[in-house]
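A closer look at the structure
Here is what each chain is made of, one letter per residue.
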Amino acid sequence: MPVTYLKTAPGLPPEGAADIKDTVQIMLARLRAGGEEAARDYARRLDGWQQEVVVPEASLARAHRALPVTLVEDIAYAHTNIRAFAEAQRGSVQEFEVELRPGLRAGQRLIPVDCAGCYVPGGRYAHIASALMTVTTARAAGVAQVVAATPPGPEGIPPAVLHALHLAGARRVLALGGVQGIAALAFGLFGGPAADILAGPGNAYVAEAKRQLFGPVGIDMVAGPTDVMILADASADPQRVAADLVAQAEHGATSPCWLVTTHRPLAEAVLALVPLLAEALPEPNRAAARAAWAQMGEVMLAASPEEMADLADRYAPEHLHVMAADPGWWRGRLRAYGSLFLGAETTVAFGDKAAGPNHVLPTGGAARHTGGLSVLKFLKCVTWQQAAPAALPELARASAAISRAEGMEGHARSAEARLVPPPHLRACG
């Protein structure tokens, strides 16, 4: 039976995607030509920042002194989990060497990029966890140089973000946000190396800057607004479901929040609770949550768990939270998500802040074809091969035959040349 929508999302007015693209293109061209002075000018005009761009190492090292001891301990707890997960992830991917046929050996190597540029968003919230997620993962992959950029507020970069960046392993931090921050990382401005890869979330301008720079510079992904889908059955607690939807809505008016359930009473209870919980938030969180729920919230009634799973695979949410019986079945069945949260005791907030797996995840349905940020994004998986005389008759014959079938005579002759000793060796013989 078709899914019943108990609440639909009217969505947002069409965004000026072309305007964003053109603005970013102009900014990147100016930053490429004008370098540091252009970046400083954008920092003054867009962020009101007129102080030094490079954060002194001493400021990084002492940032923790401005924080409560309990917060320092909590940041350390999160960092330990994130690092442990990333190191285990790195250990799960191995270099290898294999003899494919007698005399023909091949293998793969895992080589970290030389420099990672990690962007930490600013704005309404101080994104401590994003600092940990990006820099820690790059370090666990073996990246030697990690440079970070983050927009300063009126008083500079929040001390908790500076401390998190220092703890995670960034030794160069730029007080730059937006397109100018991304460009500074990519172009190696302010005395730092040019990044081989750019990682980290940001607004539409940051995402577009990464998209336009991709090619000579690698990127983790082009991320859009964050989203969540909750799959719940009759066993779920409406209060927890509503709280989790409101937590996601808190990100802002563009954040989709979806509930799919087989139990109409649960859906109706959640529909009643979400506005109440949103109203209980302080400002500006309250306004953000109200707008997101009004414009991007959906509640869907499905006939069965299988129908719920089908719907989840079609939406391919960034965060997929299952509050339903038999979590093992869901873990094996679901196929398209950025990160999966199983059980009522779990919550997306754990994954966003401190649990360990990375919170930089694909959005906008991209989970159909890609996963989130991991150590693999900072590693080049390269291959090698070496042929010995025993492999040459078959290998050269097959390569030459395929080359001629393709019309590539030069390739065929290059392969067959390996069957004849080089002139200097023939002379020695």
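Up top is the structure.
Since the model is a prediction, treat every value here as computed from it, not as a measurement. (Residues numbered from 1 in each chain as written. Predicted model: local features only at pLDDT ≥ 70, side-chain atom pairs only at ≥ 80, totals over all residues. Heavy atoms only, no water.)

Observations regarding helix H3 (residues 69-91)
- Helix length check: H3, at 23 residues, gives a terminal C-alpha distance of 33 Å against a target of 33 Å (1.5 Å per residue), a fit within 8%.
- Residues Ile75, Ala78, His79, Ile82 and Ala86 constitute the buried set of H3.
- On the buried face of H3, the contacting elements are helix H4 (128-141), helix H5 (159-168) and helix H13 (348-353). (Helix = DSSP H or I, 4+ residues; strand = E, 2+ residues; numbered from the N terminus. Expected span 1.5 Å × (residues − 1). Buried < 20%, exposed > 50% of the residue type's maximum accessible area, 1.4 Å probe, protein only. Contact = heavy atoms within 4.5 Å.)

Comments concerning the side chain of threonine 134
- Mapped onto the elements of the fold, threonine 134 is located in helix H4.
- Of the polar contacts made by the side chain of threonine 134, one reaches the backbone oxygen of serine 130; its length is 2.9 Å.
- When neighbours within four sequence positions are excluded, threonine 134 is seen to be in contact with Cys118, Ala199, Gly200, Val360, Leu373 and Phe378. (Polar contact = N/O pair within 3.5 Å; in protein donor to acceptor, adjacent residues only side chain to side chain.)

Focus: the sheet that holds strand S14 (residues 379-387)
- Taken in spatial order, the three strands make up an open sheet running S2-S3-S14, and their pairing is antiparallel. The outermost strands of the open sheet, each flanked by one partner alone, are strand S2 (96-101) and S14. Sheet twist, expressed as the mean angle between neighbouring strand axes with direction ignored, is 20 degrees.
- As paired elements, S2 and strand S3 (residues 104-112) share five bridges and run antiparallel to each other. Residue pairing in the sheet places glutamate 97 in a bridge with glycine 107 of S3. (Pairing = 2+ DSSP bridges. Axes fitted to C-alpha atoms, helices over the stretch in contact; angles between N-to-C directions.)

Remarks on a nonpolar patch on the surface
- Side chains of Phe96, Val98 and Leu100 sit close together on the surface and give an oily, nonpolar patch of about 270 Å² of accessible area.
- Counting through the fold element by element, phenylalanine 96 comes out in strand S2. (Patch = residues over 30% accessible without salt bridge, like charges linked within 9 Å, V, L, I, M, F, W, Y side chains within 5 Å. Areas by Shrake-Rupley, 256 points an atom, 1.4 Å probe, with all protein chains shown as cover. Salt bridge = Lys/Arg side-chain N within 4 Å of Asp/Glu carboxyl O.)

Considering the pairing of strand S11 (residues 297-301)
- Among the five residues of S11, five are classified as buried, and the element is accordingly described as predominantly covered.
- Because side chains alternate across S11, one face comprises the buried residues Gly297, Val299 and Leu301, and the other comprises Glu298 and Met300, equally buried.
- With three bridges connecting them, strand S1 (residues 4-7) and S11 associate as antiparallel partners. Across the sheet, the residue bridging to threonine 4 is leucine 301, located in S11.
- Pairing analysis gives five bridges linking strand S10 (residues 257-261) to S11, with the strands arranged parallel. By the bridge assignment, valine 260 is partnered in S11 with methionine 300.

Quick look at the side chain of glutamate 208
- Within the secondary structure layout, glutamate 208 lies in helix H7 (residues 204-213).
- Note on glutamate 208: relative accessible area 12%, which makes it buried.
- Side chain to side chain, glutamate 208 and arginine 211 meet in a polar contact 2.6 Å long.
- When residues no more than four places from it in sequence are discounted, the contact partners of glutamate 208 are Ile20, Lys21 and Val24.

Here we look at the packing of aromatic side chains
- With the rule as written, the count across this model stands at two aromatic pairs.
- Aromatic side chains tryptophan 258 and tyrosine 315 sit 4.8 Å apart centroid to centroid with 80 degrees between the ring planes, which places their arrangement in the edge-to-face category. Within this pair, whereas tryptophan 258 is found in strand S10, its partner tyrosine 315 is found in helix H11 (residues 305-315), the two being separated by 57 residues in sequence. When sorted by exposure, tryptophan 258 lands in the same class as tyrosine 315, which is buried.
- Aromatic side chains tryptophan 329 and tryptophan 330 sit 4.8 Å apart centroid to centroid with 85 degrees between the ring planes, which places their arrangement in the edge-to-face category.
- Stacked on the ring of tryptophan 293, the Lys or Arg lysine 7 has its end atom at 5.0 Å from the ring centre.
- Cation over ring: arginine 30 sits above tyrosine 42, and NZ or CZ is 4.9 Å from the ring centre. (Phe/Tyr/Trp six-rings, centres within 6.5 Å; stacked < 30°, edge-to-face > 60°. Lys NZ or Arg CZ within 6 Å of the ring centre and 35° of its normal.)

Some details on the nonpolar core
- By size, the foremost hydrophobic cluster in this structure holds 72 residues, and its most contacted members are Val143, Leu165, Val173, Leu174, Phe190, Leu198 and Phe378.
- The residues touching phenylalanine 190, leaving out its near neighbours within four places in the chain, are Glu36, Ala39, Arg40, Val53, Val54, Arg172, Leu174, Leu176 and Ala184.
- In this structure, Ala236, Ala249, Val270 and Ala289 belong to the second largest nonpolar core, which totals 25 residues. (Core = buried A, V, L, I, M, F, W, Y, C linked by side-chain atoms within 4.5 Å.)

Here's the deal with unusual backbone geometry
- The residue after glutamate 283, namely proline 284, is reached through a cis peptide bond having omega 5 degrees.
- Of note in this structure, phenylalanine 190 is not a glycine but carries a positive phi near 60 degrees.
- Take phenylalanine 190: it is sitting in the loop between helix H6 (178-187) and strand S7 (197-199).
- Taking relative accessible area as the criterion, phenylalanine 190 reaches 8% and is therefore assigned buried.
- Even without being glycine, aspartate 326 reaches a positive phi, approximately 65 degrees.
- With respect to the helices and strands, aspartate 326 occurs in the loop between strand S12 (319-323) and helix H12 (327-333).

Thoughts on the sheet that holds strand S4 (residues 115-119)
- Taken together, five strands build an open sheet; the order of strands is S6-S5-S4-S7-S8 and the sheet is parallel. Looking at the sheet topology across the chains shown, the edges are occupied by strand S6 (172-174) and strand S8 (218-219).
- One ladder, built from three bridges, connects S4 with S7; its direction is parallel. Within S7, the residue paired with alanine 116 across the bridge is isoleucine 197.

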